[in-house]
Amino acid sequence: MHKKILLLGSGELGKELVIALKRLGQTVIAVDSYAGAPAMQVADDYEVADMLDGTQLDAVVAKHQPHLIVPEIEAIRTERLYAYEQQQIQVVPSARAANFTMNRKLIRDLASKELRLKTAAYFYATSFTEFTKAVQAIGLPCVVKPLMSSSGKGQSVLKTLEDQQQVWEYAITSSRGDIQEVIIEEFILFHTEITLLTVTQKNGVTLFCPPIGHRQERGDYQESWQPVAISEKDYTDACDMAKKVTAALTGVGIWGVEFFLTDKGVYFSELSPRPHDTGMVTLAGTQNLSQFELHARAILGLPIPSIQLERAGASAVVLANKAATNFNISGMEKALQLDGMDIRIFGKPTTRPYRRMGVALAYGEPDSDINELRKKAKAAADCIIIE
């Protein structure tokens, strides 16, 4: 049952996945564009490479001859993954899934046009002229995103026509990869935004984790909590949509499927074919298996009999406020004086404004007051000083 696994992307999510895989006796090579990335610190070996360069990516794969390739970021020459599958290398969840979900255009068209899932109205634009026409058609406010980006980079809510040029330029300049195109979406008036972690298995049924609520700023996750209040109908509808879209994309592993909960029902938002940042709350022991342990089992073809809620939990991010190569992190002693609290420091070698450097995790009994846990996690995160 020993596999050699090539991890493409070595951030904090990749780090926790490496730990889960190492506990199952696997060998992991972590790849990223810079040395000292979090997952490299716990992997068996590492490579520094530009994964948008197909030649460099091919060289890394040829050197290590992995059994599995696990993409963990968007900035990958994803079309090369089809060639690796032809070489009998398992791509997680699949080359098709990675290609579709790394590009918002492909996944949105699949969800809306092919699968007929309920989504926000949307248009695409490759020029400022097309952009202004789309804004006029959608109306204000509207959400603007690059077709390829991560962690909310390039995402804005356009509220006034005077800001069109600024929002357009921010989306285009923040785009990852070769695609210089944006998506303009109807602004959905939602009361809750959730992630439904969905597990597809090689030899088992599709499983769903208890839904996770989350809050974003600048298009990036700031806090998450599990469980989240949701009606039985909304939960059933979300599970149905998640099952349809993951089945269409094919493959095994954990998927972070995002939804808007509104007074008019559930809207499909986005999907990540890998552990989700909002799912870091599962590190607080909220489930019998964290999202990283679930992903590790699924991609190795190991059984997952069930997923059970064992605690209530909340997470809050620890952010840097400036760019630095030399810095200190303090305040953990104060944060950990709080009962039912844990901290993860990711070990990133440099900082920049709003870069996620750690996470505070609060937990309690399954029936605990979620709002109180959210306050506790935020208070602990505020104790951590990066200077």
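Moving on: the overall build of the chain. Looking only at helices and strands, one finds 11 helices and 20 strands in the chain. Relative to the 2.2 N^0.38 estimate, which gives 21 Å for 387 residues, the radius of gyration of the chain is 20 Å and therefore close to what a compact globule would have. Here the C-alpha coordinates of the chain stretch approximately 55 × 50 × 45 Å along the principal axes. Within the span of the chain, comprising 387 residues, buried residues form 57% of the whole. Expressed as a percentage of contacts within the chain between residues at least 6 apart in sequence, the contacts between residues at least 24 apart total 62%. Of the roughly 16,200 Å² of accessible surface on the chain, 49% is carried by carbon and sulfur atoms. Counting 41 positive and 46 negative side-chain charges, the chain places the averaged centre of each group 2 Å from the other.

With respect to the helices, strands and loops of the structure, Glu270 is situated in strand E15 (residues 265-272). Residue Glu270 is classed as buried on the basis of its relative accessible area, which comes to 17%. A distance of 3.0 Å separates the side chain of Glu270 from the side chain of Lys145, its partner in a polar contact. Contacts of Glu270, omitting those with residues within four sequence positions, involve Arg104, Lys145, Gly256, Val257 and Glu258.

All right, on to helix H6 (residues 128-138) then. Where H6 is concerned, the buried positions are Phe131, Ala134, Val135 and Ile138. Down the axis of H6, the buried set is contained in an arc of 100°. They therefore lie on one face. For H6, the exposed residues set more than 90 degrees away from the buried face come down to Lys133, Gln136 and Ala137. Contacts from the buried residues of H6 go to strand E6 (122-125), strand E7 (142-146), strand E8 (156-158), helix H7 (164-173) and strand E9 (182-186). Downstream of H6 by a residue or two, Gly139 has a phi angle that is positive, lying close to 90°.

Looking now at the environment of Ala314. You can see Ala314 is positioned in strand E16 (residues 312-319). Under the relative-accessibility criterion, Ala314 is labelled buried at 1%. With 50 residues separating them in the primary sequence, Ala314 and Gly364 have C-alpha atoms 9.3 Å apart. Ignoring anything within four residues of it in the chain, the contact list for Ala314 reads Ser224, Trp225, Val281, Ala360, Leu361, Ala362, Leu373, Arg374 and Ala377.

For the rest of this paragraph, the subject is the nonpolar core. Formed by 43 residues in total, the largest nonpolar core has its most connected members in Leu196, Val245, Leu249, Val257, Phe259, Phe268 and Leu271. In contact with Leu249, not counting residues within four places along its chain, are Ser94, Arg96, Ala97, Phe100, Thr101, Ile107, Leu110, Trp255 and Leu271. The next biggest cluster of nonpolar side chains, apart from the first, holds 28 residues, and it includes Ile5, Leu17, Val70 and Leu283.

All right, on to the sheet that holds strand E1 (residues 4-8) then. Pairing in this open sheet of five strands is parallel, and the strands run E3-E2-E1-E4-E5 from one edge to the other. Here the strands that pair on one side only, and so sit at the sheet edges, are strand E3 (45-48) and strand E5 (90-91). Where strand E4 (residues 68-71) and E5 come together, two bridges link them in parallel fashion. Bridge assignment links Ile69 to a residue of E5, and that residue is Val91.

The subject of this paragraph is the environment of Gln166. Here Gln166 is to be found in helix H7. Taking C-alpha positions, Gln166 is 9.9 Å from Ser156, a pair spaced 10 residues apart along the chain.

Take the side chain of Thr101 next. Checked against the element boundaries, Thr101 lands in helix H4 (residues 95-101). Separated by 2.6 Å, the side chain of Thr101 and the backbone oxygen of Ala97 make a polar contact. Non-local contacts of Thr101, meaning those with residues more than four positions away in its chain, are made with Ile107, Leu249, Leu271 and Pro273.

Read from one edge to the other, the open sheet built from four strands follows the order E6-E9-E7-E8, with strand pairing classed as antiparallel. Looking at the sheet topology across the chains shown, the edges are occupied by E6 and E8. Pairs of neighbouring strands in the sheet enclose a mean axial angle of 25°, with direction left out of account. In terms of strand pairing, E7 meets E8 through three bridges, oriented antiparallel. Looking across to E8, one finds that Val144 is bridged to Ser156. Its contacts with the sheet put helix H5 (residues 104-114) on E6, E7 and E9, and the angle it makes with E6 is roughly 150°.

Right, let's talk about the packing of helix H1 (residues 12-23) against helix H9 (residues 291-300) for a bit. One can describe the packing of H1 onto H9 by two numbers: an axis separation of 8 Å at closest approach and a directional angle of 60°. The orientation of H1 relative to H9 falls into the category oblique. Between H1 and H9 lies a crossing of right-handed hand. Of the residues in H9, those touching H1 at Leu13, Glu16, Leu17, Ala20, Leu21 and Arg23 are Gln291, Phe292, Glu293, His295, Ala296, Ile299 and Leu300.

On to the environment of Asp263. Mapped onto the elements, Asp263 comes out in the loop between strand E14 (253-262) and E15. A relative accessible area of 76% means that Asp263 is categorised as exposed.

Within a pair of aromatic rings, the relevant descriptors are the distance that separates the centres and the angle that separates the planes. Summed over all chains, the structure comprises six aromatic pairs. Relative to Phe268, the ring of Phe259 lies with its centre 6.1 Å away and its plane at 80°, an arrangement referred to as edge-to-face. Neither Phe259 nor Phe268 differs from the other in exposure class; each is buried. Members of the aromatic cluster, connected to one another through ring pairs, are Phe128, Phe131 and Trp168. Note that Arg96 overlies the ring of Phe100, its terminal NZ or CZ placed 4.5 Å from the centroid. Just above the ring of Tyr122 sits the side chain of Arg108; from NZ or CZ to the centre is 5.3 Å.

So, how was this worked out
Residues numbered from 1 in each chain as written. Predicted model: local features only at pLDDT ≥ 70, side-chain atom pairs only at ≥ 80, totals over all residues. Heavy atoms only, no water. Helix = DSSP H or I, 4+ residues; strand = E, 2+ residues; numbered from the N terminus. Rg over C-alpha atoms; globule rule 2.2 N^0.38 Å. Buried < 20%, exposed > 50% of the residue type's maximum accessible area, 1.4 Å probe, protein only. Contact = heavy atoms within 4.5 Å. Areas by Shrake-Rupley, 256 points an atom, 1.4 Å probe, with all protein chains shown as cover. Lys, Arg positive; Asp, Glu negative; His and termini not counted. Charge placed at Lys NZ, Arg CZ, Asp CG, Glu CD. Polar contact = N/O pair within 3.5 Å; in protein donor to acceptor, adjacent residues only side chain to side chain. Arc of directions from axis to C-beta. Core = buried A, V, L, I, M, F, W, Y, C linked by side-chain atoms within 4.5 Å. Pairing = 2+ DSSP bridges. Axes fitted to C-alpha atoms, helices over the stretch in contact; angles between N-to-C directions. Parallel < 35°, antiparallel > 145°, perpendicular 65-115°, else oblique. Left-handed = near helix turned anticlockwise from the far one by under 90°. Phe/Tyr/Trp six-rings, centres within 6.5 Å; stacked < 30°, edge-to-face > 60°. Lys NZ or Arg CZ within 6 Å of the ring centre and 35° of its normal.

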